[in-house]
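Chain by chain, the residues run as shown.
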Amino acid sequence: MPLAVRLSIFYASLCLFSGVQLPFFPVWLKARGFGAQEISFVIAATMFLRIAAGPVFAFLADRLDDRRRVVILLAWGSLACASLYLLTSGFWPVFLVSLALMSFWPSITPLIETIAMKATREEGIDYGRMRLWCSITFIAASTGTGWLLDWQAPEIIVVCMIGALAVNLAGAYLLAPEVPSAGRVRRPGGQLKATLAIARQPLFIVGLLTASLIQATHAVYYAFGTLNWQKLGYGDNIIGILWGIGVIAEIILFAFSGRVVARFGAARLMVIGALAAAFRWTAMAFNPPLWALFGLQTLHAFSFCAAHLGAIYFVTHATPRSLAATAQSLYSALSAGVMMGLMTLAAGPLYQSFGQKAFLLSACAG
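Here is a short report on the structure shown in this document.

What counts and how
- Residues numbered from 1 in each chain as written.
- Predicted model: local features only at pLDDT ≥ 70, side-chain atom pairs only at ≥ 80, totals over all residues.
- Heavy atoms only, no water.
- Salt bridge = Lys/Arg side-chain N within 4 Å of Asp/Glu carboxyl O.
- Buried < 20%, exposed > 50% of the residue type's maximum accessible area, 1.4 Å probe, protein only.
- Helix = DSSP H or I, 4+ residues; strand = E, 2+ residues; numbered from the N terminus.
- Patch = residues over 30% accessible without salt bridge, like charges linked within 9 Å, V, L, I, M, F, W, Y side chains within 5 Å.
- Areas by Shrake-Rupley, 256 points an atom, 1.4 Å probe, with all protein chains shown as cover.
- Axes fitted to C-alpha atoms, helices over the stretch in contact; angles between N-to-C directions.
- Parallel < 35°, antiparallel > 145°, perpendicular 65-115°, else oblique.
- Nonpolar A, V, L, I, M, F, W, Y, C, P; charged D, E, K, R; others polar.
- Core = buried A, V, L, I, M, F, W, Y, C linked by side-chain atoms within 4.5 Å.
- Contact = heavy atoms within 4.5 Å.
- Phe/Tyr/Trp six-rings, centres within 6.5 Å; stacked < 30°, edge-to-face > 60°.

## As for the pattern of salt bridges
Enumeration according to the criterion identifies 4 salt bridges in this entry. Here R67 and D62 are joined by a salt bridge, their closest N and O atoms 2.9 Å apart. Judged by its relative accessible area of 4%, R67 is buried. Among the residues examined, D62 registers a relative accessible area of 0% and is labelled buried. A salt bridge links R69 to D66; the nearest nitrogen and oxygen atoms lie 3.3 Å apart.

Here it is, written out as structure tokens:
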């Protein structure tokens, strides 16, 4: 099976879970009796855990020079943890299971991004054409779960999450075994010293901070977007479509990402993402009508996708190949961990007090 096909299948399997978890996990938490502050605490805590978990697993993968094996282990761990939701109730059991799950599953992403960017660099495979399958299955999962919630209780959300992770595990086994890098350079002081060296480079840090802050502007949307739309009276099927529209726009940009990156470059793509985020979240704070929401959701192509492409290419070109997974994990830890965690913690009390005006926090960050 061609490498591009294997990677496309895995990306497709990866985002089935996020298509269920991202829009609807807060709905499941609310059905379990959690308030807005408790929901933001659970989500933010799992984000902060990525600060340590992601780099540790990526460091191990770089050390072993075998990312596929680590991806499989993480996929098994994710499936086992999600299955525990069927046996848990109450705040602390759910909180602990969530911590375990979100230490494993998000750690897969920087590893597969590293494998994909290596294929892009060495074999000329178009990264965006592989990555867009992740977005396609996100739409299928979010729309399908929204449809299910129209006639099923919120407990179906966890069942869908478990099923999605089982598919992801199957996709992990389809990844091609990695061939150890020839002539692998051993740096003085070892892998840890080399990792600390790139983490101290000012340009690398500025680039990571910029990209991470843009992604963190999505915190209110991810934590309370679905609950806010439910509060405004939109049905779960409409909410699933709204999430899907954002990802369709993302797919279109990914499909042309090779030409887009060549035309604009990593830095300009991040600037475009920041401007789109500032406009999108400002508009969202003032209760736009449904037709306007459809338009605002198309800006996800820029606030998320353009910024993500800029960050991935920036990190790839700013670090040596032997530390590729570690570098990608540092970006993931900073964006989905530190920045997103802080924004989500702030979002809980703001949303509880001011409702959709909490989106102004995201607009200011953009």
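## Observations concerning the environment of G233
In this structure, G233 sits in the loop between helix 10 (219–231) and helix 11 (236–255). Separated by 22 residues in sequence, G233 and A255 have C-alpha atoms that sit 34 Å apart.

## Digging into a nonpolar patch on the surface
A grouping of M1, V5, I9 and L174 is seen on the molecular surface, where their side chains present a nonpolar patch of about 310 Å² in accessible area. With respect to the element layout, I9 can be found in helix 1 (residues 3–31).

## Focus on the packing of helix 2 (residues 36–64) against helix 15 (residues 324–354)
Their axes nearest at 8 Å, the elements helix 2 and helix 15 cross at an angle of 175°. In this view, helix 2 runs roughly antiparallel relative to helix 15, as classed from their interaxial angle. Looking at the contact of helix 2 with helix 15 residue by residue, the classes come out as 20 nonpolar, 10 polar and 2 charged.

## Examining the nonpolar core
Side chains that are nonpolar tend, in soluble globular proteins, to be buried together. Within the largest apolar cluster, 126 residues are counted, with the highest numbers of intra-cluster contacts made by Y85, L101, Y127, W229 and L309. Looking at which element gives the most residues to this core, the answer is helix 1, with 12 residues. Residues contacting Y85, with those up to four places away along its chain left out, are F25, W28, R32, V94, V97, S98, L101, V158 and M161.

## A few points about the packing of aromatic side chains
The final tally for this structure, using the stated rule, is 24 aromatic pairs. For the ring pair F34 and F91, a centre distance of 5.6 Å and an interplane angle of 45° mean the geometry is tilted. With F34 in the loop between helix 1 and helix 2 and F91 in helix 4 (residues 91–104), this pair connects stretches of sequence that are 57 residues apart. The class of F34 is buried, set by a relative accessible area of 7%. Taken together, a centroid distance of 5.7 Å and an interplanar angle of 10° make the contact between W281 and F359 stacked. Of this pair, W281 sits in helix 12 (residues 257–284) while F359 sits in helix 16 (residues 359–365), and the two are 78 residues apart along the sequence.

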